[in-house]
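A closer look at the structure
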Amino acid sequence: MGFKLEQTINSNLPKVDRQDAFTKLLQKEVTLYGSFFNNKKKEHFYTELSVLLKAGIHLREALQLISETQKKEKLRDFLATITEDLDSGQSFSEILKSRKDFTEYEYYSVQIGEESGNLIKIVEELGSFFTRKNEQRRSLVNAMTYPVIILSTAVLVVVFMLRMVVPMFEDIFRQNNVELPTITLWIIAVSKFIKSYGLLVLLLFVTLIVLRKVLFKNPKIQRKKDYVLLKIPYVGQFIRSVYLSQFTQAVSLLTSSKVPMLNSLQMVKRMIVFYPLQDALTEMEKSIMQGSSLHESIKGHKIFDHKMASLVKVAEETNQTEFIFERLNQQYSLEVEQKSKLLSTIMEPLIIVIIGLFVGVILVSMYLPMFKLSSVLG
């Protein structure tokens with residue numbers, strides 16, 4: 001993780017200059033984990049650009065208008081350099097290709113739009129793509145926020161009981177030489193572990209959170225994580241629907257631009273970073289190159305369902321690939337929305353039940369020896 005602060009305050013400056021420097025420092029954009037031109041900014045960028053192009057404004061003037069309306073200096077300068085590159089004779093697609101902030105998917109889509117004279121529609125579809133992608137991310141965050149809060153609070157309660165309450169009972173049992181049941185010995189062992197290594201575990205957990213994006217850049221770790229997520233009941237189906245929604249929307253956009261299906265699969269594979277989908281697309285490429293049809297190449301991959309294979313078969317027979325993938329995208333987007341609401345509804349009582357079981361086990365393990373203690377005292 002890194003904070004990119006481009007100005008520092010010199011203590012030797014006059015008071016007024018220091019205040020100006022401090023004001024400029026506060027106005028600088030803080031960037032966490034990589035590119036500042038994220039999906040949210042891309043959504044606004046492509047949406048605004050499509051509106052201006054539809055209004056008949058030339059591409060250069062549209063980019064200049066968008067640049068001038070930005071509040072953040074860094075983003076304003078970034079868009080201004082794109083305008084300067086246009087003035088130097090580069091095409092819009094070449095500019096996107098030369099900047100790491102844009103993906104190959106965006107570059108190829110814009111290049112196709114320029115060559116076919118359909119740039120306005122391509123830019124509009126890119127805006128729609130990032131809009132839905134951001135909506136799906138917000139749905140996932142909204143679905144998980146409340147359950148995570150409940151889970152965090154409940155874990156703190158359990159840790160407090162193990163750290164503070166259990167040792168008090170342990171002292172009482174030890175002083176009275178009470179023979180402890182096996183379940184009580186287990187709980188006491190967990191309590192001692194938390195007392196000895198609790199801070200270390202907490203520090204390790206925080207470190208993993210801070211460094212999670214660095215760790216997940218490792219392809220092996222990322223691949224294992226993606227496949228494990230798909231195996232989680234219900235959550236796996238939800239994540240699968242999210243990526244299928246993105247996949248069908250991307251293919252719909254590319255087929256509408258008359259991109260061959262094999263090239264579309266290759267471009268989507270570079271755009272969507274989800275290993276189960278990428279692995280399936282790689283196998284589909286090989287199958288298509290060997291002469292199989294698209295719907296035949298889809299069969300046998302767990303990430304795709306029978307509905308998609310059946311509809312794609314119809315699309316190939318009727319030559320309506322764009323229409324079918326657009327309808328599939330609408331269905332998966334609706335499915336994502338419904339599952340996100342249901343996920344938050346299911347997670348809350350499930351977490352409460354699980355935490356209740358933990359608390360119940362702790363209480364039972366502490367009260368069982370109390371009966372023996374009462375007979376000893378009696």
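What you see is a predicted model; the values in this text were computed from it and never measured. (Residues numbered from 1 in each chain as written. Predicted model: local features only at pLDDT ≥ 70, side-chain atom pairs only at ≥ 80, totals over all residues. Heavy atoms only, no water.)

Examining the packing of helix α11 (residues 235-256) against helix α12 (residues 261-271)
A pair of packed helices can be characterised by two numbers: the angle between their axes and the separation between those axes. Contact pair α11 / α12: the axes reach a minimum separation of 10 Å and the direction vectors enclose 135°. Classified by the angle between their axes, α11 and α12 sit oblique to one another. α12 is crossed by α11, and the crossing has right-handed handedness. Counted together, F247, A250, V251, L254 and T255 of α11 and M261, S264, L265, M267 and V268 of α12 form the full contact between these two elements. Residue classes in the contact of α11 with α12 are distributed as 8 nonpolar, 2 polar and no charged. (Axes fitted to C-alpha atoms, helices over the stretch in contact; angles between N-to-C directions. Helix = DSSP H or I, 4+ residues; strand = E, 2+ residues; numbered from the N terminus. Parallel < 35°, antiparallel > 145°, perpendicular 65-115°, else oblique. Left-handed = near helix turned anticlockwise from the far one by under 90°. Contact = heavy atoms within 4.5 Å. Nonpolar A, V, L, I, M, F, W, Y, C, P; charged D, E, K, R; others polar.)

So, unusual backbone geometry
Of note, the phi angle at Y234 is positive, near 65°, even though the residue is not glycine. Mapped onto the secondary structure, Y234 falls in the loop between α10 (219-231) and α11. One non-glycine residue, N319, adopts positive backbone phi at about 60°. With respect to the helices, strands and loops of the structure, N319 is situated in the loop between α15 (306-318) and α16 (321-377). Its relative accessible area of 69% is what places N319 among the exposed residues. (Buried < 20%, exposed > 50% of the residue type's maximum accessible area, 1.4 Å probe, protein only.)

Remarks on helix α2 (residues 39-54)
Compared with the 22 Å implied by 1.5 Å per residue over 16 residues, the 22 Å span of α2 between its first and last C-alpha is a close match. Listed in full, the buried residues belonging to α2 are K41, K42, E43, F45, Y46, L49, S50, L52 and L53. Contacts made by the buried residues of α2 are with α3 (59-68), α4 (73-87), α5 (92-97), α6 (104-116) and α7 (119-175). Where α2 begins, the capping side chain belongs to N38, and its oxygen is found 3.3 Å from the backbone nitrogen of K40. Taken from the residues just after α2, G56 is the one with a positive phi, measuring 95°. (Expected span 1.5 Å × (residues − 1). Polar contact = N/O pair within 3.5 Å; in protein donor to acceptor, adjacent residues only side chain to side chain.)

Remarks on a nonpolar patch on the surface
Residues L199, L202, L204, F205, V206, L208, I209, V210, L211, V214, L215 and I221 make up a contiguous nonpolar surface patch of about 1,000 Å² in total accessible area. Of all the elements in the fold, those that place two or more residues in the nonpolar patch are α8 (182-210) and α9 (212-215). Per element, the largest residue contribution to the nonpolar patch is 8 residues, and it comes from α8. Assignment of secondary structure puts V214 in helix α9. (Patch = residues over 30% accessible without salt bridge, like charges linked within 9 Å, V, L, I, M, F, W, Y side chains within 5 Å. Areas by Shrake-Rupley, 256 points an atom, 1.4 Å probe, with all protein chains shown as cover. Salt bridge = Lys/Arg side-chain N within 4 Å of Asp/Glu carboxyl O.)

What to know about the packing of aromatic side chains
Applying the stated criterion across every chain yields a total of 12 aromatic pairs. When the centroid spacing of 5.6 Å and the interplanar angle of 50° are considered together, the rings of F247 and F304 count as tilted. One end of the pair, F247, is in helix α11; the other, F304, is in the loop between α14 (294-298) and α15, with 57 residues separating them in the sequence. Taking relative accessible area as the criterion, F247 reaches 1% and is therefore assigned buried. Three or more aromatic residues joined by ring pairs make a cluster, and in this case those are F37, F45, Y46, F78, F102, F129 and F130. (Phe/Tyr/Trp six-rings, centres within 6.5 Å; stacked < 30°, edge-to-face > 60°.)

With respect to the layout of surface pockets
The volume enclosed by the second largest pocket comes to roughly 450 Å³. What lines the second largest pocket is simply L151, S152, V155, L156, V159, F193, I194, G198, L199, V201, L202 and F205. Mapped onto the lining of the second largest pocket, the elements with two or more residues apiece are α7 and α8. A per-class count over the lining of the second largest pocket returns 10 nonpolar, 2 polar and no charged. (1 Å grid on protein atoms, 1.4 Å probe; cavity = no way out; pocket = protein on both sides within 12 Å on 5 of 7 lines; lining within 4 Å. Points joined across faces, edges and corners; volume = space filled by probe spheres on them.)

A word on the nonpolar core
Membership of the largest hydrophobic core comes to 83 residues, with the highest contact counts inside it found for F45, L49, F92, F247, F304 and M308. Examining the composition of this core, we find that 15 residues originate from one element, α7, more than from any other. For L49, the contacting residues outside a window of four places in its chain are L59, A62, L63, I66, F92 and V123. (Core = buried A, V, L, I, M, F, W, Y, C linked by side-chain atoms within 4.5 Å.)

Quick notes on the environment of T255
Turning to its location among the elements, T255 is positioned in helix α11. Sequence separation between T255 and E322 is 67 residues, and the spatial gap between their C-alpha atoms is 5.6 Å. Not counting residues up to four positions away in its chain, the partners in contact with T255 are M261, T321 and E322.

Quick word on the environment of T345
Looking at the element boundaries, T345 is found in helix α16. Placed 199 residues apart in sequence, T345 and Y146 show a C-alpha to C-alpha distance of 9.7 Å.

Some points on the pattern of salt bridges
Considering all chains together, one arrives at 13 salt bridges under this definition. Two residues, E322 and K121, come together in a salt bridge whose shortest N-O distance is 3.8 Å. With E322 in helix α16 and K121 in helix α7, this pair connects stretches of sequence that are 201 residues apart. Residue class for K121 comes out partly exposed when judged on its relative accessible area of 31%. With its nearest N and O atoms 3.9 Å apart, the salt bridge here joins D226 to K225.

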